[in-house]
Structures are given as structure tokens and as C-alpha cells.
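Spelled out from the first residue to the last, the chains are:
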Amino acid sequence: MPESSSVTSGTGVVPDDSEAGSGAPAARSVDAALSGNGASGSAGAAGPVAVDRETLRLALVVGGLVLAVLLGFGLGRMNAPAGPARPAGATVGVATGGSDGGTHAHSPGTGAHTHDGATVTQGGGDGATGLSITSAGYTLVPSTELVAGRAGELRFQIRDDQRRAVTRFAVVHDKPMHVIMVRRDLSGYRHLHPTMAADGTWSVPITAPDAGPWRMYADFTAVADDGRQVAVVLGADLTASGAYRPRPLPAAATSATVDGFTAGYAGTPEVGKSVPLRFRVTGADGAAAALEPYLGAYGHLVALREGDLGYLHVHPEPVRDGDDVTFWLTAPGPGSYRMFLDFQVGGVVRTAEFTLTVP
């Protein structure tokens, strides 16, 4: 708002006729001051005084108009509508739920939301995230060389828009950082939880089982200097040295077997609509498996889109539906997806893999 301007007018002393007739020095009038003429002495000088009064009136009218304009401008600024809010990022077409040290439950299709009163922003074009190395003012900076079949270490930093290493992260689903690794042909899936050094460098042991191009996703919620929480998924390409021999995507199926357990789901994802997928895990005897909480939930589901490797991280409803675990998923577009379901039984985490085709 501009600084307010004020116009202050004083009242001049106009000599009366007795003083003028007696030859006493006349006080200088406001009229005279405005016109540059003195009021000298006799009542016969009424003509010039009248002109000076007209000049005063004109000056006061002009001053009043200027004051009105200034006040109107100031009031207009005070009552002007607020400018556009800080961008909240594109809506993420998935529902998430879990624990972040408290409650972190979201309704189906939730995108931008709040964490204990703090704004949380999730970016992503059509609902799939992890397509960019930079988003919402944060950048993923990996420093890793992968050699196929050789034990190594994944190292990276998250930097803000001033190129500073970020060191404050919210704990979401029991961890401050979730890293997904997958090869370009959607094989070799890994769900990792690195640790952070004091300088903001994250690291975790990793062995790339096969050569070729890999994609890493850093899934985190950063805490900004003003306390605002921003949930972001960033992606970067890595290469494991050696000859790349891509595998074809397995056929679409609603069940998968891993280590004697069978995981299956019911539900048909649709483009642009939140749809429940109900998963059930059974043992070799066909009975429901005794699922255990893993990272604050009874399962974690990641879906990756074939082609651009768009990322969807979906968490289940906090309350199970009998033996089922329900996830809400919105397909951002038609195509083939590879879904990875992490579940824990007997203290061991296993991953069931599914191919999904969305018409």
C-alpha cells in the first residue's frame, strides 16, 4: 500500500477595517500569501483581496481533489483481491495413507493437502510423479556409479532452489526417505531406505543385478525454513555398465506368486477416477496370510508406467477390510503399468509383481 499523503491547511489572519483605516501594519493574509501580494492598508484594496480569495478557493478545491484521489487509491489497494496463492503443484491421482509419526491419512484422489496445519505440495503432471529431476523447488543430485553384479553404494543429495543441501525431512511411513530403483524395462525393482549424513548426503548399499539404464526415485517430504512441508517425488536416470538386454513386460495378471505366497487383487483401475484395488495375500494352504505392519501399513504399492516410467506410490486405507488390504488408485492415462506390492509376513518383506493394462 502506498504511503498515505495528507494536506494540511492553515487559516490566515485577515485585517479588519479599523486596523486598516488607522494605518496600522496589516497582517499578511493567506490570500496575499497565495497570490504573492501584500494587504496594505486601506479598505479600498478590497479588489485585490477578493481576487486572492478566489485563488485560495481554487487551491483548496484542487488540493481536495488530489487528497480524494490519493485516499481512493489507498483504499483500493487495501481492498484489492489477494494475488494468486503459492502454486500447490498438480493434483496427484492416488490416495495415500500411513503414518508419519502421527496420522497421515488421505481421501481417495488427494493431491495437495495438510500435515498438522502445514501445507504439503505434491507435484506431477497428469498424476504420475518422478518424471523430473527437479520439482517444487527441490533437485535430486545423485553421485553414483553402478556396475552390474557388483556391490556398490547409492549416494545423493536433495538440494533446494538456492543449491543448499536439504537436511530437514518429515518422517512419513516410518522413514524420512524412500528410494525406489527399477531398470528401464521395469525389472529389478528395489525399495530402499537410505541414511543421511550431517551434510545432507544420503547413502544406501545397492547392487544392480543387471546392466543397462536404471531409474531411481526419491520419495520424501521436505521441511522448508518456514516450517512448510512439501511432499515431492524426484527421478533420475542411472546406468549400470555392461550390455543392456531388455526383457519383455510380462502379460497382464491379477495374481502373482512369491516365496510360496500368492497375492491377488480385485478391481479395475480407470483413467482419471479413483478406484479401490483390494489385495489379499494367501499362504501355500490357501488361508489368508498373517500380514504384519511394514512401514506403518499392511502393504505398500508402487505402480510404474511403461515408457516414461511415471511413478505412482499408493498406500492402503488404515483399516483393513477383513483379510483384504484396500488401495485407491487413479490411472493417469491408458497404457501398461507394472505394480509392485510390498508386504511382510514373519518379519520378512516380500514383493509381488503385477502387470496392469489400462484401456
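Residues numbered from 1 in each chain as written. Predicted model: local features only at pLDDT ≥ 70, side-chain atom pairs only at ≥ 80, totals over all residues. Heavy atoms only, no water.

### A word on the overall build of the protein chain
Inclusion rule: Elements are defined by DSSP. Helices are runs of H or I of four residues or more, strands are runs of E of two residues or more, and each kind is numbered from the N terminus. Partly exposed describes any residue whose relative accessible area lies between the buried limit of under 20% and the exposed limit of over 50%, with all areas from a 1.4 Å probe on protein chains only and scaled to the type maximum. Any pair of residues with heavy atoms lying within 4.5 Å of one another is described as a contacting pair. Accessible surface area values rest on a Shrake-Rupley calculation with a 1.4 Å probe, where residue burial reflects the displayed protein chains alone.
Each helix and strand in the protein chain was counted, giving three helices and 22 strands. The 359 residues of the protein chain split such that 42% are buried. For the protein chain, long-range pairs separated by at least 24 residues make up 62% of all intrachain contacts whose partners lie at least 6 apart in sequence. Taken as a whole, the protein chain presents about 18,000 Å² of accessible surface, with 54% of it coming from carbon and sulfur.

### What about the side chain of aspartate 324?
On the secondary structure map, aspartate 324 appears in the loop between strand E19 (311–314) and strand E20 (325–329). If near-sequence neighbours (up to four positions away) are discounted, aspartate 324 is found in contact with Arg278, Phe279 and Arg280.

### Comments concerning the side chain of glutamine 344
By secondary structure assignment, the location of glutamine 344 is in strand E21 (residues 335–345). The contact partners of glutamine 344, leaving out residues within four places of it in the chain, are Ala290, Leu291, Glu292, Pro293, Tyr294 and Val349.

### Focus on the sheet that holds strand E10 (residues 190–192)
For clarity, the cut-off: Pairing between strands is defined by DSSP: at least two bridges between them are needed.
Spatially, five strands are ordered E7-E14-E13-E9-E10 in an open sheet, and the strand pairing comes out mixed. What marks the edges here is a single partner per strand, and that holds for strand E7 (146–147) and E10. As paired elements, E7 and strand E14 (residues 229–241) share two bridges and run parallel to each other. Following the sheet pairing, leucine 146 is matched in E14 by alanine 240.

### Regarding the sheet that holds strand E11 (residues 195–196)
Strand order in the open sheet made by the five strands is E5-E6-E8-E12-E11, with antiparallel pairing throughout. The open sheet has two edge strands, strand E5 (134–135) and E11, and neither has a second partner. For E11 and strand E12 (residues 201–207), the ladder comprises two bridges, and the chain directions are antiparallel. From the neighbouring strand, threonine 195 faces E12, where its bridge partner is serine 203.

### Considering the packing of aromatic side chains
How we decide: Side-chain rings of Phe, Tyr and Trp, where Trp is taken by its six-membered ring, are said to pair if the distance between their centres is within 6.5 Å; with planes under 30 degrees apart they count as stacked, over 60 as edge-to-face, and otherwise as tilted.
On inspection of all chains with the given rule, the structure shows 11 aromatic pairs. The interplanar angle of 80 degrees and the centroid separation of 5.3 Å between the aromatic rings of phenylalanine 169 and tryptophan 202 together place this pair among those described as edge-to-face. Residue phenylalanine 169 is found in the loop between strand E8 (151–159) and strand E9 (177–183), and its partner tryptophan 202 is found in strand E12; the two are separated by 33 residues along the sequence. Exposure class is identical for phenylalanine 169 and tryptophan 202. Each is buried.

### Comments concerning the environment of alanine 148
Positionally, alanine 148 belongs in the loop between E7 and E8. Sequence-distant contacts of alanine 148, that is, excluding residues within four places in its chain, are made with Ala208, Asp210, Ala211, Ala240 and Ser241.

### Considerations on the pairing of E20
Burial runs high along E20: four of the five residues are buried. In terms of strand pairing, strand E17 (residues 275–282) meets E20 through five bridges, oriented antiparallel. Considered in E20, the bridge of valine 275 is made with leucine 329.

### Considering the pattern of salt bridges
The cut-off we apply is this: In the sections that follow, a salt bridge refers to a side-chain nitrogen of Lys or Arg positioned within 4 Å of a carboxyl oxygen of Asp or Glu.
Tallied over the entire structure, the rule returns 13 salt bridges. Aspartate 237 serves as the salt-bridge partner of arginine 215, at 3.0 Å between the closest nitrogen and oxygen. With a gap of 22 residues between them, arginine 215 in strand E13 (residues 212–223) and aspartate 237 in strand E14 connect regions that are remote in the sequence. For arginine 350, the salt bridge is made with aspartate 259, and the minimal N-O distance between the two is 3.3 Å. In this pair, arginine 350 is assigned in strand E22 (residues 348–358) and aspartate 259 in the loop between strand E15 (255–258) and strand E16 (261–266), connecting sequence segments 91 residues apart. With relative accessibility at 15%, the residue arginine 350 sits in the buried group. Residue aspartate 259 is classed as exposed on the basis of its relative accessible area, which comes to 59%. What emerges from the salt-bridge pattern is a single network uniting Asp160, Arg164 and Asp225.

### Comments concerning the pairing of E13
A regular strand carries its side chains on alternate faces of the sheet. When you tally the buried positions in E13, you get 11 out of 12 residues, the bulk of the element. Between E13 and E14, which pair antiparallel in sequence order, lie five residues; one of them, glycine 227, sits at a positive phi of approximately 90 degrees.

### A look at the environment of tyrosine 217
Worth spelling out the cut-off: Pairs of N or O atoms are called polar contacts if they sit within 3.5 Å, as long as, within protein, a hydrogen donor faces a hydrogen acceptor (for residues adjacent in sequence, only side-chain-to-side-chain pairs).
Structurally, tyrosine 217 can be placed in strand E13. Classification of tyrosine 217 by relative accessible area gives buried; the value is 0%. A sequence separation of 26 residues divides tyrosine 217 from histidine 191, and the C-alpha atoms of the two residues are 9.6 Å apart. Once you skip the residues sitting within four places of it in the chain, tyrosine 217 turns out to touch Gly130, His178, Val179, Ile180, Val182, Val233, Leu234, Gly235, Leu304, Leu309 and Tyr311. Among the polar contacts made by the side chain of tyrosine 217, one reaches the main-chain carbonyl oxygen of leucine 309 at a distance of 2.6 Å.

### Notes on empty space enclosed by the protein
Formally: Here a cavity denotes grid points, spaced 1 Å and computed from the protein atoms alone, that fit a 1.4 Å probe unable to get out, and a pocket denotes an open set having protein on both sides within 12 Å along at least 5 of 7 lines; residues with an atom within 4 Å of a point are the lining. Grid points are joined across faces, edges and corners, and a volume is the space filled by probe spheres set on the points. Residue polarity follows a fixed list, in which Ala, Val, Leu, Ile, Met, Phe, Trp, Tyr, Cys and Pro are nonpolar, Asp, Glu, Lys and Arg are charged, and the others, Gly among them, are polar.
Applying the stated criterion across every chain, the model contains two cavities of 30 Å³ or more. Quantified by volume, the second largest cavity comes out at close to 50 Å³. Forming the walls of the second largest cavity are Phe279, Arg280, Val281, Leu291, Tyr298, Gly299, Asp323, Val325, Phe327, Leu341, Asp342 and Phe343. For the lining of the second largest cavity, the secondary-structure elements that each account for two or more residues are E17, E20 and E21. Its residues assigned to classes, the lining of the second largest cavity comprises eight nonpolar, one polar and three charged.

By themselves, these are just geometric observations and shouldn't be taken as functional.
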